[in-house]
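Structural features, examined
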Amino acid sequence: MDRLSLNIATTKKWTLRQAVEGAARAGLPAVGLWRDRVAEEGLASSAKLVRDAGLRVSSLCRGGFLTASDEAGVRAALEDNRAAIVEAEALGTEALILVVGGLPEGDRDLAGARARVADRLADLAPFARDHGVRLVLEPLHPMYCADRAVVSTLEQALDLAAPHPAEEVAVVVDTFHVFWDPALAGGIARAGRENRIASYQVCDFNLPIARDALLSRGMMGDGVVDFAAVTRMVAATGYSGDVEVEIFNAEIWDSPGDQVVATMSDRYRELVLPHLHSA
């Protein structure tokens with residue numbers, strides 16, 4: 001269990017302090033943080049809470065939203081992402097997760113939006129390097145392509161990362177978002193060869209799709225993801241970092257936090273852990 005991390009989105013109704021305390025009670029070694037919760041607690045206080053609990057920060061979510069085409073939008077995106085990089089450094093994590101952004105209003109040019117993501121990465125990568133932080137691209141399921149992420153596959157993310165050293169720009173493998181990809185094995189293998197896997201996030205893909213598609217993530221074992229297969233692919237690359245459980249699900253959010261953490265720990269032991277060392 002020394003690699004299991006509670007992404008605090010999973011226990012959305014807990015404050016950052018409650019999530020850190022809950023993770024520590026459960027014997028977890030790490031938490032994945034979100035910037036809104038860090039802002040509520042305060043950056044210095046958040047870092048101290050995690051440190052005093054004996055935990056590490058597996059990642060900070062999120063930066064990104066880099067597809068703006070107007071000057072003001074570009075400037076705002078760069079300012080926000082530079083702030084996120086500084087926050088990640090202060091929290092002691094190298095991994096800043098980036099959701100790259102969807103199409104600007106009225107825009108239908110996916111290729112142009114992806115090109116702007118590439119431009120913004122070039123702007124931000126040197127700043128991230130100077131702060132010891134990796135920009136970690138998260139490909140999202142294609143149903144989010146228009147509004148949240150014009151990057152849908154690991155191959156697309158890796159192509160965007162390719163111009164930059166691996167210690168500056170990397171990727172996250174999130175089972176919910178990539179399990180469907182027929183080229184997944186090749187993408188994960190490539191990410192391993194290029195040393196670009198900075199995070200492995202797990203949750204299930206539930207059916208039917210929720211009315212709010214963001215809330216279709218489920219507890220491992222409740223949906224259609226083959227965790228054994230995906231985990232073996234990731235393990236085969238030599239990835240030895242944390243495994244975050246990140247779930248957006250209204251029913252889970254309404255459940256007692258300690259119960260959620262206990263269930264996710266049990267499901268991790270059953271469905272993920274046996275395959276982390278089986279490659």
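Per chain, residue numbering runs from 1 following the sequence as it is written. At least 70 in pLDDT is required for a residue's local features to be given in this predicted model, at least 80 for side-chain atom pairs to be given and counted, and no such filter applies to totals for whole chains, interfaces and linings, which use all residues. Think of the side-chain values as coming from all heavy atoms in the structure, minus any hydrogens and water.

1. So, the overall build of the protein chain
Note on conventions: DSSP H or I runs of at least 4 residues are helices, E runs of at least 2 residues are strands, and numbering of each starts at the N terminus. Scanning the protein chain for helices and strands turns up 11 helices and 10 strands. Considering only C-alpha atoms, the protein chain reaches an extent of 45 × 45 × 40 Å along its principal axes. Long-range pairs, those at least 24 residues apart, make up 80% of the contacts in the protein chain with a sequence separation of at least 6. Looking at the protein chain as shown, the accessible area adds up to about 11400 Å², and 51% of this sits on carbon and sulfur atoms. Averaging the positions of the 28 positive and the 40 negative side-chain charges in the protein chain gives two centres separated by 1 Å. Residues count as neighbours in contact if any of their non-hydrogen atoms are within 4.5 Å of one another. We get accessible surface area from the Shrake-Rupley algorithm with a probe of 1.4 Å; when it comes to residues, only the shown protein chains can shield them. Charge counting treats Lys and Arg as positive and Asp and Glu as negative, with His and both chain ends excluded. All charge positions are set by atom: Lys at NZ, Arg at CZ, Asp at CG, Glu at CD.

2. Regarding the sheet that holds strand S5 (residues 134-137)
The pairing criterion is simple: DSSP has to find at least two bridges between the two strands. Taken together, the 8 strands give a closed barrel; going around it, the order is S1-S2-S3-S4-S5-S6-S7-S10, and neighbouring strands pair in parallel fashion. Taken over all neighbouring pairs, the strand axes of this sheet differ in orientation by 30 degrees on average, direction set aside. With 3 bridges connecting them, strand S7 (residues 197-202) and strand S10 (residues 243-245) associate as parallel partners. If you follow Tyr200 over to S10, its bridge partner there is Val243. Helix H5 (residues 110-130) rests against strand S4 (95-99), S5 and strand S6 (169-174) of the sheet, and its axis sits at about 140 degrees to S5. Between N-to-C directions, angles cover 0 to 180 degrees, with each direction set by a line fitted to C-alpha atoms, over the stretch in contact for helices.

3. Details of unusual backbone geometry
Residues other than glycine predominantly adopt negative phi, and peptide bonds predominantly adopt the trans conformation. Each neighbour pair has its own omega, and for Cys61 with Arg62 the value is 0 degrees, a cis peptide bond. Residue position: Arg62 is located in strand S3 (residues 56-64). Not every positive phi belongs to a glycine, and Phe65 is a case in point at roughly 50 degrees. Taking the relative accessible area as the measure of exposure, Phe65 reaches 33% and is therefore partly exposed. Residues other than glycine seldom take positive phi values, yet Asn195 does so here, at roughly 60 degrees. Only protein chains enter the calculation, and the probe is 1.4 Å; a residue is then buried if its accessible area is under 20% of its type maximum, exposed if over 50%, and partly exposed in between.

4. So, helix H6 (residues 154-161)
When we look at burial in H6, the residues that qualify are Leu154, Ala157, Leu158, Leu160 and Ala161. End-on view of H6: buried residues confined to an arc of 160 degrees, all on one side of the axis. In the core, the buried residues of H6 are packed alongside H5, S5, S6, helix H7 (175-178) and helix H8 (184-193). It is the directions from the helix axis to the C-beta atoms whose arc is reported.

5. A few points about the pairing of strand S1 (residues 4-7)
Side chains of S1 alternate between two faces, with Leu4 and Leu6 and Ser5 and Asn7 buried alike. In terms of strand pairing, S1 meets strand S2 (residues 30-34) through 3 bridges, oriented parallel. In the sheet register, Asn7 faces S2, and the bridge partner there is Gly32. In this region the chain leaves S1, passes through helix H1 (residues 16-25) and returns to the parallel neighbour S2; the handedness of that crossover is right-handed. Look down the strands so they point away from you; if going from the first strand over the helix to the second traces a clockwise path, that crossover is right-handed.

6. Details of the layout of surface pockets
Any residue with an atom within 4 Å of a point lines the site, the site being either a cavity, points on a 1 Å grid over the protein atoms alone where a 1.4 Å probe fits but cannot get out, or a pocket, an open set with protein on both sides within 12 Å along at least 5 of 7 lines. Grid points are joined across faces, edges and corners, and a volume is the space filled by probe spheres set on the points. Each pocket or cavity is described by its volume, and for the largest pocket that value is around 420 Å³. Around the largest pocket sit 23 residues that line it, and Ala9, Lys12, Trp34, Arg62 and Phe248 are the ones nearest its centre. The set of elements that each furnish at least two residues to the lining of the largest pocket consists of helix H2 (35-41), S3 and H7. Any residue outside Ala, Val, Leu, Ile, Met, Phe, Trp, Tyr, Cys, Pro, Asp, Glu, Lys and Arg is labelled polar, Gly included; the first ten of those are nonpolar and the last four are charged. Taken together, the residues that form the lining of the largest pocket break down as 13 nonpolar, 1 polar and 9 charged. The computed volume of the second largest pocket comes to approximately 260 Å³. Lining the second largest pocket are 14 residues, with Ser58, Glu94, Ala95, Arg134 and Ala198 sitting closest to its centre. Among the elements of the structure, S3 and S7 are those that each provide at least two residues to the lining of the second largest pocket.

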